[in-house]
Amino acid sequence: GTILGTAIWAFAGPPAFALLFLFFVLGTAATRLGYARKAAAGIAQEKGGRRGPGNALSKTSIPALAAIFAAATDFPELYAIALAGSFATAAFDTVSSEVGKAYGRRTFLITTLRPVPRGTDGAVSLEGTAAGMAAGLAVGALGAALGLYPPIGMAAVVAAAFIATTLESLVGATLEKRGLLDNDAVNFLNSLAGALLAAGFGALQL
């Protein structure tokens, strides 16, 4: 985590690191929110909510790579949008999952829309989705406010976060549920999808 965070600061500057910090704060707060309730249901994050190196790599390696490309190519704004899209996706995913597990009143499997227990792979809830959207908006807005990209780029970041997280739920309900992918692999693909989608949308705007 230290190496990846240092790379983001070194290649993309303090504004990009601020997005990493915001993601960390949002993810930590959401994980602790209603932790006792989640623990009682057996769906809380292990180790008291502490995430390991696999989680750090899966959610931060793509933004670090985007930071390097932002410094090494002639398209710094485009890769900054990719970086923000990846962090917004990670924030959307983490917050929506944790809030949904704690306070989701009705939880549906995204592939069938049938009610399933909270914490089921691929499950979504209105409460979780709304909280995740707020987290994605916060990351996108901060990136624009700090000058990483023009204000119009915020739309690309938030749209990418929503679509990528929806795709992640589909992967969770299918490949992860069958044991073909573990959670870290799903998180990595989610982060990558968020970055690619944000860069694609950003290329149409810039």
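Residues numbered from 1 in each chain as written. Predicted model: local features only at pLDDT ≥ 70, side-chain atom pairs only at ≥ 80, totals over all residues. Heavy atoms only, no water.

1. Section: the pattern of salt bridges
We apply this condition: We define a salt bridge as a side-chain nitrogen of Lys or Arg found within 4 Å of a carboxyl oxygen belonging to Asp or Glu. Strands here are runs of E lasting at least two residues and helices are runs of H or I lasting at least four, both read from the DSSP assignment and numbered beginning at the N terminus. To sort residues, take the accessible area from a 1.4 Å probe on protein chains only and compare it with the maximum for the residue type: under 20% means buried, over 50% means exposed, and anything in between is partly exposed.
According to the stated counting rule, one finds three salt bridges in the structure shown. Ionic pairing is found between lysine 101 and glutamate 98, a salt bridge with its closest N-O pair at 3.7 Å. Taken together, the positions of lysine 101 and glutamate 98, both in helix 5 (residues 76–103) and three residues apart, correspond to about one turn of that helix. Judged on exposure class, the residue lysine 101 and its partner glutamate 98 are both buried.

2. Side note on the nonpolar core
Short version of the rule: Residues enter a nonpolar core if they are buried and are Ala, Val, Leu, Ile, Met, Phe, Trp, Tyr or Cys, with the set joined through side-chain atoms within 4.5 Å. The contact criterion used is simple: two residues touch if any of their non-hydrogen atoms lie within 4.5 Å.
One finds Ile8, Leu19, Leu83, Phe87, Val139 and Tyr149 to be the most contacted residues of the largest nonpolar core, which totals 38 residues. Within the residue set of this core, elements represented by two or more residues are helix 1 (2–12), helix 2 (14–32), helix 4 (53–72), helix 5, helix 6 (126–145), helix 7 (153–176) and helix 8 (183–205). Here the element with the most residues in this core is helix 5; it accounts for 12 residues. Excluding residues within four positions of it along the chain, leucine 19 makes contact with Leu83, Ala84, Phe87, Val139, Leu142, Gly143 and Leu148.

3. Remarks on helix 4
One turn of the α-helix equals 3.6 residues, which is why residues spaced by three or four share an orientation. Heads up, the rule is: How far a helix is expected to stretch is found by multiplying one less than its residue total by 1.5 Å. The angle between axes fitted to the seven residues ending at a residue and the seven residues starting there is what we call the bend at that residue.
End to end, helix 4 covers 27 Å across 20 residues, agreeing with the expected 28 Å (1.5 Å per residue, within 8%). A bend of about 40 degrees at threonine 60 is the largest found in helix 4, and the proline proline 63 appears one to four places after it. Those residues of helix 4 that fall on the buried side of the exposure criterion are Asn55, Ser58, Lys59, Thr60, Ile62, Pro63, Ala64, Ala66, Ala67 and Ala70. Against helix 1, helix 2, helix 5 and helix 8 lie the buried residues of helix 4.

4. What about the environment of threonine 89?
Basically, it comes down to this: Polar contacts, as counted here, are pairs of nitrogen or oxygen atoms within 3.5 Å of one another; within protein the pair requires one atom able to donate a hydrogen and one able to accept it, and residues that are adjacent in sequence qualify only if both atoms are side-chain atoms.
Looking at the secondary structure, you find threonine 89 in helix 5. Residues threonine 89 and phenylalanine 23, 66 residues apart in the sequence, show an inter-C-alpha distance of 9.6 Å. With near-sequence residues (within four places) excluded, threonine 89 lies in contact with Ala160, Ala161, Ala164, Thr165, Asn190 and Gly194. Of note is the side chain of threonine 89, whose polar atom sits 2.7 Å from the backbone oxygen of glycine 85.

5. A short note on the confidence of the model for the chain
The condition that has to hold: One confidence number per residue, pLDDT, is output by the predictor and ranges from 0 to 100.
When pLDDT is averaged along the chain, the result is 92, and 97% of the positions lie at 70 or above. Averaged pLDDT values over the elements of the chain bottom out at 85 in helix 3 (residues 35–40) and peak at 97 in helix 6.

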